Amino acid sequence: MNDGKPMLQAALTRLADAGKLLDVSPEVLDVLGQPRETTQARLTIRMDDGARRSFTAWRSRYDDSRGPTKGGVRYDLGACADEVETLAFWMTLKCAVVNLPYGGGKGAIRVDPKGLSANELERLTRAYTRAFARVIGPDRDIPGPDLGTNATIMGWMADEYSDLVGHRAPGVATGKPVPLGGSLGREDATARGGFYLLQHLASELSVARDARVAIHGIGNVGMHMARFLSEAGYRIVAVSDSRQGLFHPDGLDLAAVQRAKAKDGLASLIGVAGISGCKASEVVLADCDILVPAAVENVIRADNVDGVRAKLILELANGPVAPEADERLAQRGVTVLPDILANSGGVTVSYFEWVQNRQGVAWTLSEIHTRLRKMMEEEGAAVFALAREMRITPRRAAYVHALKRLAAAIEATGARRHNR
Ligand code: GLU
């Protein structure tokens with residue numbers, strides 16, 4: 001099973017591990033041992049210059065035992081089936097950790113979105129929606145934003161799907177622009193959820209209010225997190241984007257970082273007021289108290305884990321710590337707030353958006369924040385209670401917490417139907 005899928009195989013070792021701790025039925029692990037369905041399509045669109053170009057795309061529905069599958073669509077040159085299925089697997093666990101009535105899914109197009117014009121991106125997004133029209137749906141599989149996608153793209157997706165079904169169907173996708181049925185608070189939800197979790201656990205984890213933080217990847221999620229943390233008194237000592245890392249032992253001026261990122265690039269700040277430069281990948285090794293990987297998978301692996309100096313890692317990216325590095329971090333006393341819990345704020349507010357779409361209501365921003373905080377605090381506390389009680393890492397506890405809910409749903413389902 002899963003031959004030729006090294007990433008999914010590695011990810012599943014954490015599930016097997018939780019299965020042993022929980023004494024779960026082998027049938028449950030068997031169901032969760034492979035994706036329910038993965039569809040691949042070739043998308044051919046007309047480029048602005050009149051030429052035709054084809055792109056490979058996927059949508060994977062990993063498991064729907066707890067509800068319709070939910071998860072982002074990634075536009076990225078490195079996308080492949082193994083990655084999409086692994087991300088869909090993590091979404092399954094993530095939705096279960098915070099008790100959303102969803103299974104897990106994910107999609108991708110292998111493309112560099114920065115190399116396409118807005119018109120080309122729109123055509124590509126509409127082509128994706130048509131290609132997967134029978135896979136997605138408000139009660140079946142609900143895409144949301146991920147790496148390389150944004151509100152505009154999600155709006156196009158919902159619009160194209162609505163055309164296909166002949167009526168408005170905003171609940172088919174989340175992360176839409178607010179005027180098209182998007183929710184307030186979706187944009188910064190992933191970072192905000194992680195921030196609420198950190199604040200809630202700060203005293204238990206002995207996190208100082210002015211702790212030094214390194215953020216690997218200041219895209220949408222990482223930049224919002226940098227802002228929340230620095231407003232709360234933390235010092236952002238290191239940041240990176242895909243090209244460049246920056247370091248200042250006393251803390252970087254975030255406004256200057258933001259300006260440089262938008263204009264001349266982070267490298268333009270090297271040498272300014274004591275700022276030194278480093279490779280983007282070296283930010284995970286920066287001298288800091290808290291490390292926030294906020295970009296891509298596998299940035300902490302067996303070959304660099306011993307160079308990590310942070311005592312706490314808050315995973316805002318999906319899968320930033322490879323399973324092979326888990327044990328070493330635990331031995332060294334590094335606490336990891338695991339992705340499936342720490343970055344679940346994004347999909348949680350996506351869920352709020354879907355609920356509002358279905359009810360035809362609009363919640364206020366403070367209502368969204370209150371609900372998000374409650375969810376992160378309650379589920380975060382439950383995971384930590386489990387970790388203490390079972391004397392296991394927070395990651396193992398998060399997997400056990402999720403697997404309990406998944407196992408209950410799978411066991412209650414009985415003989416499974418396969419036509420939905
Ligand atoms: N891409 C986000 C994640 O990895 C969530 C996508 C969504 O809102 O469905 O959690």
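Everything below is about the structure shown above.
Each value, and the rule that gives it
- Residues numbered from 1 in each chain as written.
- Predicted model: local features only at pLDDT ≥ 70, side-chain atom pairs only at ≥ 80, totals over all residues.
- Heavy atoms only, no water.
- Helix = DSSP H or I, 4+ residues; strand = E, 2+ residues; numbered from the N terminus.
- Buried < 20%, exposed > 50% of the residue type's maximum accessible area, 1.4 Å probe, protein only.
- Lys, Arg positive; Asp, Glu negative; His and termini not counted.
- Salt bridge = Lys/Arg side-chain N within 4 Å of Asp/Glu carboxyl O.
- Polar contact = N/O pair within 3.5 Å; in protein donor to acceptor, adjacent residues only side chain to side chain.
- Contact = heavy atoms within 4.5 Å.
- Near = heavy atom within 4 Å.
- Areas by Shrake-Rupley, 256 points an atom, 1.4 Å probe, with all protein chains shown as cover.
- Pairing = 2+ DSSP bridges.
- Axes fitted to C-alpha atoms, helices over the stretch in contact; angles between N-to-C directions.
- Disulfide = S-S within 2.5 Å.
- Core = buried A, V, L, I, M, F, W, Y, C linked by side-chain atoms within 4.5 Å.
- Patch = residues over 30% accessible without salt bridge, like charges linked within 9 Å, V, L, I, M, F, W, Y side chains within 5 Å.
- Arc of directions from axis to C-beta.
- Right-handed = clockwise from strand over helix to strand, strands pointing away.

Visitor: Where do I start with unusual backbone geometry in this structure?
Guide: Of note, the phi angle at serine 206 is positive, near 55°, even though the residue is not glycine. Among the structural elements, serine 206 can be located in the loop between α6 (189-201) and β6 (212-216).

Visitor: Help me understand the side chain of aspartate 241, please; the structure alone is not making it clear to me.
Guide: Within the secondary structure, aspartate 241 sits in the loop between β7 (235-240) and β8 (245-247). Buried aspartate 241, no salt bridge; nearest opposite-charge side chain is arginine 243, N-O distance 4.4 Å. Of the polar contacts made by the side chain of aspartate 241, one reaches the backbone nitrogen of arginine 243; its length is 2.9 Å. Side-chain polar atoms of aspartate 241 contact the backbone nitrogen of glutamine 244, separated by 2.9 Å. With residues near it in sequence (within four places) discarded, aspartate 241 still touches Leu266 and Ala280.

Visitor: What's the story with the site of the ligand in this structure? I'm lost.
Guide: Every one of the 14 residues lining the ligand counts as a neighbour, but Lys70, Lys94, Pro145, Asp146 and Ser350 are closest to it. Contact distances for the ligand include 2.7 Å between an oxygen atom and a side-chain N or O atom of lysine 70. In isolation the ligand exposes 300 Å². Once the protein is present, 95% of that is buried. Those elements that place two or more of their residues in the shell around the ligand are β3 (69-75), α3 (81-97), β5 (141-145) and α11 (345-359). The greatest single-element share of the shell around the ligand, amounting to three residues, is contributed by β3.

Visitor: Where do I start with the sheet that holds strand β9 (residues 276-278) in this structure?
Guide: Adjacent strands of a sheet pair through backbone hydrogen bonds, lying either parallel or antiparallel. The strand order across the open sheet built from seven strands is β9-β8-β7-β6-β10-β11-β12, with neighbouring strands paired in mixed fashion. In this open sheet, the two strands that pair with only one neighbour each are β9 and β12 (335-337). Taking each pair of neighbouring strands and ignoring which way they run, the sheet shows an average axis angle of 20°. Looking at chain direction, β8 and β9 are connected through three bridges and run antiparallel. By the bridge assignment for β9, glycine 245 is matched with cysteine 278.

Visitor: Just checking my understanding: could you explain the pairing of strand β2 (residues 52-63) for this structure?
Guide: Here 10 bridges tie strand β1 (residues 37-46) to β2, and the two strands are oriented antiparallel to one another. Note that in β2 the partner of glutamine 40 across the bridge is tryptophan 58. From the end of β1 to the start of β2, which pair antiparallel, there are five residues, and glycine 50 there has a positive phi angle of about 95°. In terms of strand pairing, β2 meets strand β4 (residues 103-109) through six bridges, oriented antiparallel. Paired with tryptophan 58 across the two strands is alanine 108, which belongs to β4.

Visitor: I would appreciate a short explanation of the state of the cysteines in the present structure.
Guide: By definition, a disulfide links the sulfur atoms of two cysteines through a covalent bond. All told, the structure shown has zero disulfides when counted by the stated rule. Unpaired in this structure, cysteine 278 has its nearest cysteine sulfur neighbour in cysteine 288, at a distance of 11 Å.

Visitor: What is the right way to look at the pattern of salt bridges in this model?
Guide: Opposite charge on two side chains makes pairing possible when the charged atoms of those side chains draw close. The final tally for this structure, using the stated rule, is 37 salt bridges. Glutamate 37 is the salt-bridge partner of arginine 140, the closest N and O atoms lying 3.7 Å from each other. Of this pair, arginine 140 sits in the loop between α4 (118-131) and β5 while glutamate 37 sits in strand β1, and the two are 103 residues apart along the sequence. The residue glutamate 160 makes a salt bridge to arginine 130 at a minimum N-O spacing of 3.0 Å. With glutamate 160 in helix α5 (residues 151-165) and arginine 130 in helix α4, this pair connects stretches of sequence that are 30 residues apart. Counted as one network, the salt bridges with shared partners bring together Arg14, Glu315, Asp326, Asp339 and Arg395.

Visitor: Looking at this structure, how should I read the side chain of threonine 125?
Guide: As for its position among the elements, threonine 125 is in helix α4. When sequence neighbours within four positions are dropped, the list of residues in contact with threonine 125 reads Tyr75, Ile153, Trp156 and Met157.

Visitor: Quick question: what am I supposed to make of the nonpolar core here?
Guide: Generally speaking, soluble globular proteins have nonpolar side chains that are buried together. Counting 90 residues, the largest nonpolar core has Phe89, Ile215 and Leu337 as its most contacted members. If near-sequence neighbours (up to four positions away) are discounted, leucine 337 is found in contact with Leu197, Leu198, Leu201, Leu205, Leu312, Ile313, Leu314, Glu315, Ala342 and Phe384. Listed in part, the 27 residues of the second largest apolar core include Ala41, Tyr75, Tyr128 and Met154.

Visitor: How should a nonpolar patch on the surface be read in this particular structure?
Guide: Together, Val178, Leu184 and Leu365 give the surface a local cluster of nonpolar side chains, amounting to about 230 Å² of exposed area. When you line up the elements, valine 178 lands in the loop between α5 and α6. Relative accessible area serves as the criterion here: at 45%, valine 178 is assigned to the partly exposed category.

Visitor: I tried to follow helix α9 (residues 323-331) on my own but got confused; where do I start?
Guide: The set of residues buried in α9 consists of Ala325, Asp326 and Leu329. Down the axis of α9, the smallest arc covering the buried residues is 125°, so these residues share one side. Relative to its buried face, α9 has exposed residues pointing more than 90 degrees away, namely Glu324 and Gln331. As for α9, its buried residues are in contact with α1 (6-22), β11 (312-314), β12 and α13 (394-413).

Visitor: Sorry if this is basic, but what is going on with the pairing of β7 here?
Guide: Strand residues, when the strand is regular, have side chains that alternate between the two faces of the sheet. Counting buried positions over the six residues of β7 gives five, a clear majority of the element. Relative to β7, β6 runs parallel, the two being bridged by five bridges. Each bridged residue has a counterpart across the sheet, and for arginine 212 the counterpart in β7 is arginine 235. In terms of handedness, the path from β6 via helix α7 (residues 220-231) over to β7 forms a crossover that is right-handed. Relative to β8, β7 is paired through three bridges, and the arrangement is antiparallel. Within β8, the residue paired with alanine 238 across the bridge is phenylalanine 247. Following β7, the chain reverses through four residues before pairing antiparallel with β8.

Everything listed is a geometric property; what it means functionally is a separate question.
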